[in-house]
Amino acid sequence: MSILTLQGVSRTFDGLIALDAVDLSVEKGEIVGLIGPNGAGKTTLVNVVTGALRPSAGQVIFDGTSIGGRKPYQIGRLGVARTYQVVQPFPEMTALENVMAPAVFAAGASDMETARKKAREALEFVGLADSADIIASELTLAGRKRLELAKSLAMKPKVLLLDEVNAGLNPAEIDGALELIRKIAASGVTVIIIEHLMKVVMTLCTRIVVLHHGAKIAEGTPEEISKDEQVIKAYLGKRYSQNLAGKAGGNG
Amino acid sequence: MIRILISIIVVAAIATLPLLGDNYLLRLGTMFAMYCVLALSWNVIGGYAGYPSFSTAAFFGLGAYTGAILQGAGVPMFAAWIAACLSAGLFAVLLGMAILHLKGHYFAIASLVVAEVLVEIATSWTSLTGGGMGINLPVLRISVAAQAQLFFYAMLAAAVLAFIMNWLVGAGRIGFALQCIRQNEDASSMVGINTTRYKVIAFTLSSLFVGGAGAIYASWVFYIEPPDVFSILLSVKPIVMVMLGGAGTIFGPVIGAFVFIVMEELVWRNFLSFHAAVLGVLIVALIFFLPNGILGVIRRRRAARSTEEGAAS
């Protein structure tokens, strides 16, 4: 059974159509990539799923319940976590306190001690255990991105939506982040990732969904997507697909 | 543990004030306790939650009028005070649900005009409030000295309750949620915090004891009128006190209230003709030089010392 289903979800802003009747079905354990040019509606889709925006039309079904139009905190408690394009820490708290907040309020830890323990586990998982007592605003960008992941994990999510977690990271940091995302997926969390770096999407995702002008124009395995005419025209560009084809040919 | 002990000793020391037999000091002590109530209450919404509320005067005046009207109708004084707490609290719940979705300046302005609206109502509704003529309270049939003591202890009790409330909020789940909201409200709702609910709780907690203090004040001075108990200064002063002592801390509001009342008295005595101007300049200077309050300076000193020691060893 699919864990997250979108049926004809639309979102308009004063007549501007940001999402246009999008159908999407995500199975448990998948890593789904969400790609498309700037303004294609990727972040809007994340906002609609997590409750930051109400859908103008259509149904969002998570784990059997319709969640379209519910408040972010309600959806968060059900088990949908997200990270933002721009990191959103509680800047004056330590890393540990940052992660305690979701452990207390979303995962419902019974007391502060339990929350502290859960938070430490999440920090350990993302490799920030040594930075637990550092004030969030003093972490490096890569550190703050990991902190966002730790916060999401402390919510005990079933679905995790990652909005450009790798933006602004250097290649070494990206490799570290990829490894971490794989680890998260392996722990049983379904991952939906918005990403501009094709290398990341192609190696990480089991399935890719392409948005353009708010509508879904293609869906399939990384290989299918890289050959799709419409996707090449709207997003990838000729040179990229030729490069990819050339490489594939060279390898084969 | 040490902090609880210090608190008890300080309260006990203040409680011995009537023994000195100085009426001026006793009046000052009552004012100090009242300022503590206002500052500790504002700290919950303004300090922990970071919502710059200017509604303190509205809660205070509402409490004062509730107490005065009820006492005029023959309700016992003590019961009237409790009713004043509740009426301010109920008002805060409704007002909070209406304006707490506003942020920053917008919230500040919305919370500011509430007192003005209440002044107009209190002035126009002559049959209930006596209008601009104000309202007289029943005089107590006990000696003047006994009255002074009674209201001093009543205000002190309100201050202690506000202090305990402030402490419990700061140390508990509510305070944690409010600090998250202050630092990043969007992220707060994403990590599962029902931000509306916590903000309304904070706003209500910031009103209860202020309403009670308003009623005690009304009983104390025997006569209230709209511009007196809805004065904008009642909204501004607690903000200054909390910023002075340290916003979002447990002891900051009390320290701020103390420094403020000492300052106010000194300025009042020495610059009778332009005390408001001097006080204003002092406030501006303090905000410039002590942005995190007195507790902020102490903490920074302590942190600097510990890093120095760390470097030396």
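So, here's what we can say about the structure. (Residues numbered from 1 in each chain as written. Chains lettered and ligands numbered in written order. Predicted model: local features only at pLDDT ≥ 70, side-chain atom pairs only at ≥ 80, totals over all residues.)

## Some points on the nonpolar core
Argument step 1. Formed by 175 residues in total, the largest nonpolar core has its most connected members in Cys-36, Val-37, Met-155 and Ala-213 of chain B.
Argument step 2. The greatest single-element share of this core, amounting to 14 residues, is contributed by helix α10 (residues 195-221) of chain B.
Argument step 3. Residue contributions to this core reach at least three from each of two domains, namely domain 1 (2-79 + 157-251) and domain 2 (87-156) of chain A.
Argument step 4. Non-local contacts of Val-37 of chain B, meaning those with residues more than four positions away in its chain, are made with Ala-158, Ala-159, Ala-162, Phe-209, Val-210 and Ala-213 of chain B. (Core = buried A, V, L, I, M, F, W, Y, C linked by C-beta atoms within 7 Å. Buried ≥ 20, exposed ≤ 12 C-beta atoms within 10 Å, placed from the backbone. Helix = DSSP H or I, 4+ residues; strand = E, 2+ residues; numbered from the N terminus. Domains from an automatic or database assignment. Contact = placed C-beta atoms within 7 Å.)

## So, helix α3 (residues 95-105) of chain A
Argument step 1. For α3 of chain A, the tally of buried residues reaches 11 of 11 residues, placing the bulk of the element in the interior.
Argument step 2. By the burial criterion, the buried members of α3 of chain A are Ala-95, Leu-96, Glu-97, Asn-98, Val-99, Met-100, Ala-101, Pro-102, Ala-103, Val-104 and Phe-105 of chain A.
Argument step 3. The secondary structure elements touched by the buried residues of α3 of chain A are α4 (112-126) and α5 (141-153) of chain A together with α8 (173-183) of chain B.

## Things to note about the packing of α3 of chain A against α8 of chain B
Argument step 1. Packing of α3 of chain A against α8 of chain B leaves a shortest axis separation of 11 Å and a crossing angle of 125 degrees. With respect to α8 of chain B, the axis of α3 of chain A lies oblique. α3 of chain A and α8 of chain B meet at a crossing whose hand is left-handed. For the pair α3 of chain A and α8 of chain B, the contacting residues are Ala-101, Val-104 and Phe-105 of chain A in the first and Arg-173, Phe-176, Ala-177 and Cys-180 of chain B in the second. (Axes fitted to C-alpha atoms, helices over the stretch in contact; angles between N-to-C directions. Parallel < 35°, antiparallel > 145°, perpendicular 65-115°, else oblique. Left-handed = near helix turned anticlockwise from the far one by under 90°.)

## Focus on the sheet that holds strand β2 (residues 16-27) of chain A
Residue and element names in this part refer to chain A.
Argument step 1. Sheet architecture is open: four strands sit in the order β2-β1-β4-β5, paired in antiparallel fashion. At either margin of the open sheet sits one strand with a lone partner, and together these are β2 and β5 (65-66).
Argument step 2. Bridging between strand β4 (residues 57-62) and β5 involves two bridges; their strand directions are antiparallel. Paired with Ile-61 across the bridge in β5 is Ser-66.
Argument step 3. Helix-sheet contacts for helix α1 (residues 42-50) involve β1 (2-13), β2 and β4, and the interaxial angle to β2 is about 65 degrees. (Pairing = 2+ DSSP bridges.)

## Digging into the packing of α4 of chain A against α5 of chain A
Residues and elements named next belong to chain A.
Argument step 1. Where α4 meets α5, the axes come as close as 9 Å, and the angle between the chain directions of the two elements is 135 degrees. One element, α4, and the other, α5, form an angle in the oblique class. Between α4 and α5 the crossing geometry is right-handed. On α5, the residues touching Ala-122, Leu-123, Phe-125 and Val-126 of α4 are Arg-146, Leu-149, Ala-150 and Leu-153.
Argument step 2. Here the residues of the contact of α4 with α5 are counted per class, giving seven nonpolar, no polar and one charged. (Nonpolar A, V, L, I, M, F, W, Y, C, P; charged D, E, K, R; others polar.)

## Examining α1 of chain A
Residue and element names in this part refer to chain A.
Argument step 1. Of all nine residues in α1, nine are buried, a share of seventy percent or more.
Argument step 2. All buried positions along α1 are accounted for by Lys-42, Thr-43, Thr-44, Leu-45, Val-46, Asn-47, Val-48, Val-49 and Thr-50.
Argument step 3. Within two residues after α1, Gly-51 carries a phi angle of roughly 90 degrees, on the positive side.

## Quick notes on the sheet that holds strand β9 (residues 207-212) of chain A
Residues and elements named next belong to chain A.
Argument step 1. Sheet architecture is open: six strands sit in the order β6-β7-β8-β3-β9-β10, paired in mixed fashion. Of all the strands in the sheet, just β6 (80-83) and β10 (215-220) have a single pairing partner and so form its edges. Averaged over all neighbouring strand pairs, the angle between strand axes comes to 20 degrees, with direction disregarded.
Argument step 2. Against the sheet, α1 touches β3 (31-35), β6, β7 (159-163), β8 (190-194) and β9, its axis set at about 150 degrees to β7.
Argument step 3. Running over the sheet, α5 touches β6 and β7 and is turned about 170 degrees from β6.

Scope: geometric values only; no functional claims are made or implied.
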